[in-house]
Amino acid sequence: MNVMQPMPAETANVADHQAEISARLERLPITREVFWARNIVGAATFFDGYTVIAIAYAMPVLVREWGLTPSQTGMILSMGYLGQLIGAILFGWLAEKIGRLKVLLFTILLFVSMDVACLFAAGAGMMMAFRFVQGIGTGGEVPVASAYINELIGSKGRGKFFLLYEVMFLLGLVGAGLIGYFMVPVYGWKAMFVVGLVPAIIMVPLRWFLKESPRWLAANGRYGEANAIVTRMEESARAAGKELPEPKLIQAPVHRKSDWCELFQGVYLKRTLSIWAMWFTAYTVANGTITWLPTLYRQVFNLPLQTSIFYGFLTSVGGVICALLIDIVGRKRWYTGALLLAPLPLLVLAWLGATSPIQVLVLAGLAYAIVQTVTFSLYLYSAEIYPTRLRALGTGTGSAWLRLGSSAGPILVGTVMSSMGIQYVFASFAAILIVGAIITMLFAIETKDRVLEELSP
């Protein structure tokens, strides 16, 4: 589409309204409404993170209780990620059509219901099926939530604000580790799924306090609703004693309907392919590591169950504070450096032969912590590089490669460990990360402190 051609009056009005809403949001501080929106959505994301990794901490018990083979173990760990692949694309597309909040509520209800179903799984086949459907819900929640949170905040400090929300996903991983360490040895694997229902039950009613994204409303011709929400935010800021400067209008964005083909057109083609590569390489290594470590400690090194779960928990903690520096360093520089640094401990581990649990704990844990600073913030970056009409869809399709990588990682570990040995698993992971670093260095763009509408025409 040639943006220099005159637009119909109705189309021009929508574009102008988008520019106005964006300019008004850019001048706002973090209002009470935005603060609580982040926290409420963060509660859902906490449970999403908990659900994604809970099976890893239940798995050491399930392997013995159900007599699972390494292939069955890998398939159970991977089925949730395959479901997430479908959910990320489906719900990302749907969020562009009907709005962010309707989709968020449905995804939450879906993965909560499957958490209940997992309690009644009687074998590997049932667990695979329930985890697959549950993955559809968890796969849709985070990319849509990421688009929503990004659209509520201005460019200044956007990275820090968003990553404080994204911390909730990491806390969900850590929460799963804590529950796994203290409760699985006493109450069995079902404790992981019972405890996981608590935050979901508390969070679902809070969803009704949220308002739709004003950027999405304006982009879809619903200016009156967008204006009412932003006006309420402005009044909240003034009531808190903040003086608001005059809005600074930027060039009005192109008004087009959401179309997935645009992901592969113009400036978005390079962005799409590069973010897909970053998602895939980082998550192949991160989730290949974290989902298998508790079982590896148990089966390869014959550690007590509590110790194996504790080691897996430690690798979930690393990297939270480091990723918060991304707003200072910049996205592209941080990702390139992290993807080049993380292979070093993995190569040392491969060279040493990964012969002791301490080697694996220290070196694999260090590599995981470094990679986690990338995985932790890719939702932020994905939502920044697309316009409002493509934001949820682009983030969803990008994170679909997260699911492919997360599915490939555990399968890769099981296959390579069975045929070649554990040390070659870590050598393979190092090679994958180096490929991701090269692609990032060549093709990624910088988004720090830039207005969303400036980044994406």
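One can find the structure itself at the top, above this paragraph.
Here is what the cut-offs are and how they apply
Residues numbered from 1 in each chain as written. Predicted model: local features only at pLDDT ≥ 70, side-chain atom pairs only at ≥ 80, totals over all residues. Heavy atoms only, no water. Salt bridge = Lys/Arg side-chain N within 4 Å of Asp/Glu carboxyl O. Helix = DSSP H or I, 4+ residues; strand = E, 2+ residues; numbered from the N terminus. Core = buried A, V, L, I, M, F, W, Y, C linked by side-chain atoms within 4.5 Å. Buried < 20%, exposed > 50% of the residue type's maximum accessible area, 1.4 Å probe, protein only. Contact = heavy atoms within 4.5 Å. Phe/Tyr/Trp six-rings, centres within 6.5 Å; stacked < 30°, edge-to-face > 60°.

**Description of the pattern of salt bridges**
Part 1 of the argument: This model, assessed by the stated rule, comprises 12 salt bridges.
Part 2 of the argument: Of the charged contacts, one joins Arg391 and Glu151 as a salt bridge, the two residues approaching to 3.0 Å between their closest N and O atoms. With Arg391 in helix α18 (residues 391-419) and Glu151 in helix α5 (residues 124-152), this residue pair connects regions lying 240 residues apart in the sequence.
Part 3 of the argument: A single network of salt bridges, built from pairs that share partners, joins Glu20, Arg24, Arg27 and Glu234.

**Section: the nonpolar core**
Part 1 of the argument: The biggest cluster of nonpolar side chains holds 122 residues, and the ones touching the most others in it are Met127, Met192 and Ile275.
Part 2 of the argument: For this core, the leading source of residues is helix α2 (residues 32-66), giving 18 residues.
Part 3 of the argument: Those residues in contact with Met127 that sit more than four places away from it in its chain are Ile55, Leu62, Trp66, Ile76, Cys118, Ala121, Trp189 and Phe193.

**Focus on the packing of aromatic side chains**
Part 1 of the argument: Inspection of the entire model under this criterion finds 12 aromatic pairs.
Part 2 of the argument: Arranged with centres 5.4 Å apart and planes meeting at 85°, the rings of Phe35 and Trp36 form a pair that is edge-to-face.
Part 3 of the argument: Under the relative-accessibility criterion, Phe35 is labelled partly exposed at 35%.
Part 4 of the argument: A ring pair is formed by Phe91 and Phe106, whose centres lie 5.8 Å apart and whose planes are at 55°; its orientation type is tilted. With a gap of 15 residues between them, Phe91 in helix α3 (residues 70-98) and Phe106 in helix α4 (residues 100-118) connect regions that are remote in the sequence.
Part 5 of the argument: Put simply, the rings of Phe264, Trp276, Phe280 and Trp401 touch in pairs and so form one group of aromatic residues.

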